[in-house]
Amino acid sequence: MSRSIVRQSKFRHVYGQSLKAEQSYDDIRVSKVTWDSSFCAVNPKFLAVIVESSGGGAFLVLPLSKTGRVDKNYPLVVGHSGPILDIDWCPHDDNVIASGSEDCTAMVWQIPDHSLIRPVTDPIVVLEGHSKRVGIISWHPTTRNILLSAGSDNLIIIWNVGTGEPLISMEDHPDLIYSISWNRNGSLFCTTCKDRRLRVCDPRKREVVAERLAPHEGIRPMRAIFTRDGNIFTTGFTRMSQRELGLWDPTNFEEPIALLELDTSNGVLLPYYDADANMVYLCGKGDSSVRYFEITEEPPYVHYLNTFSSKEPQRGMGFMPKRGVDVTKCEIARLFKLHDKKCEVITMTVPRKSDLFQDDLYPDTAGPEPAMEPDEWLDGRDEDPILMSLRDGYIPPKSRELKVAKKNVLDSRPSTRRSMSTLETNSLPVRRPIIERICSLFHGQGVTLVS
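Description of the structure in this document. Per chain, residue numbering runs from 1 following the sequence as it is written. For this predicted model, a pLDDT threshold of at least 70 governs which residues receive local features, and a threshold of 80 or more governs which side-chain atom pairs are given and counted, while totals over whole chains, interfaces and linings are taken from all residues. Excluded from the side-chain calculations are hydrogens and water; all other atoms, namely the structure's heavy atoms, are used.

A few words on the nonpolar core. In this structure, Ile28, Phe59 and Phe336 are the most contacted members of the largest nonpolar core, which totals 41 residues. For phenylalanine 59, the residues in contact, after removing those within four places along its chain, are Ala48, Val49, Ile50, Val51, Leu76, Val77, Ile84, Ile87, Ile97, Ser99 and Trp109. Listed in part, the 30 residues of the second largest apolar core include Phe11, Leu270, Tyr292 and Val350. As used here, the term nonpolar core means buried Ala, Val, Leu, Ile, Met, Phe, Trp, Tyr and Cys residues forming a set that is joined through side-chain atoms within 4.5 Å. Accessible area is worked out with a 1.4 Å probe on protein chains only. A residue is then buried under 20% of its type maximum, exposed over 50%, and partly exposed in between. Whether two residues are in contact is decided by their heavy atoms, any of which lying within 4.5 Å being enough.

Structural data, given as structure tokens:
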């Protein structure tokens, strides 16, 4: 008598659920630019969405609490002279975001904690080094102020945003770069390219340490991300244009660990990885569903869990860092799905009856503190992310200036203008005679000033 054995996994029954309409973000004019970017970035404080804008590129930044209809005149972050293609929140400061644009520049912005009352037009720093559009932006996972940009000039530049200086340039790609993903400690990154090669690069040695030709045989764009174990998860297309996913060991690219055909569709599959649960969420552009898989050490290594389906196709997707999920509801992931004119919030939950903190669902996760300074990383040091516990939840700190090295442009930013009500009291005696003299002049002309 044979007995079927069901694989044991605490994530086997994860289910997706859309939040109520009043908890979504409505009337957002999502960008229509033809670029395979997620168009959305999110952290425990803010939601950022690339939007349609006349006269250059712009993106919208909303506090997570500002749900409902967004005023059409809500202030935007503007400064690029061409459409914005990619945005990414800094993992070490929830108020800092970077953007890349068709105007060949990358910019870094500081966002105030409150809702914007006027457009943000002055970036902290402008990074100029690409000769064509900048389509990929990615922060280093463990080092302060290190930002990677990749452009259509096939050039990868790693910047110190604290000084605005390029630290490393790599010209190893002969064609357009589709995606870039850092590994867990930021010692390597993997890339996919239009020449159909998957590469693993060591930026400090400025060399490609491993590569594989055509991990997926189709010619459509591929995506690749590092897993916490150092393997690489890829999505692409077969020769017959079927969508496909793969898992690879970069030390042995000859044969895949796993290769799985999914379906026939044109949309590029964007993978979002949860390192704590070792799960991958696949969101196809133009799809109306999100598939999720668990990666394990037992065959078949990539296990299909379930699919969350809704009616509307997705234009893009944002993925919340683990410190932004609600641990009191056993929520393990939160996705922000872009429609044509709104953003819908989707939660992924493990069904549990207990209201107590679930230690097995929430191991210590990467916190907001950087493990290294730029000079240490450049000298060859590697550190894993500094972990934090989610037992008491995560409360984002108030906006603060970045801790920066010498000659850092972030330290020399001009102070923001303040109203008279916020002026220091010790400066009032200096200004009071001037104010009284102005009042007397107006009074002599029959004009009364109301304070």
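Once you've had a look at it, read on.
Before going further, it helps to examine the pattern of salt bridges. Counted as salt bridges are all cases of a side-chain nitrogen of Lys or Arg within 4 Å of a carboxyl oxygen of Asp or Glu. The final tally for this structure, using the stated rule, is 23 salt bridges. As a salt-bridge pair, arginine 315 and aspartate 340 come within 3.1 Å of each other at their nearest N and O atoms. On the criterion of sequence distance, the pair formed by arginine 315 in the loop between strand S27 (302-309) and strand S28 (316-319) and aspartate 340 in the loop between strand S29 (331-338) and strand S30 (342-349) is long-range, its members being 25 residues apart. Of the residues examined, aspartate 340 reaches a relative accessible area of 48% and is grouped as partly exposed. Here a strand is any run of E in DSSP of at least two residues, a helix any run of H or I of at least four, and the numbering for each starts at the N terminus.

Looking now at the environment of phenylalanine 237. Here phenylalanine 237 lies in strand S21 (residues 232-237). With 18 residues separating them along the chain, phenylalanine 237 and isoleucine 219 place their C-alpha atoms 7.2 Å apart. If near-sequence neighbours (up to four positions away) are discounted, phenylalanine 237 is found in contact with His216, Glu217, Gly218, Arg220, Pro221, Gln242, Arg243, Glu244, Ser265, Asn266, Gly267 and Val268.

Turning our attention to the packing of aromatic side chains. The description of two aromatic rings rests on the distance between their centres and on the angle between their planes. In this scheme Phe, Tyr and Trp rings, the latter by its six-membered ring, pair at centre separations within 6.5 Å, and the angle between planes marks the pair as stacked below 30 degrees, edge-to-face above 60, and tilted otherwise. Summed over all chains, the structure comprises 10 aromatic pairs. Consider the rings of tryptophan 182 and phenylalanine 189, whose centres lie 5.5 Å apart with planes at 75 degrees: the pair is edge-to-face. The same class applies to tryptophan 182 as to phenylalanine 189, namely buried. When the ring of tryptophan 248 is compared with that of phenylalanine 253, the centres are 6.4 Å apart and the planes differ by 70 degrees; the resulting orientation is edge-to-face. Cation placement over rings: the criterion is NZ of Lys or CZ of Arg within 6 Å of the ring centroid and within 35° of the ring normal. Above the ring of phenylalanine 237, the side-chain terminus of arginine 220 is found at 4.8 Å from the ring centroid.

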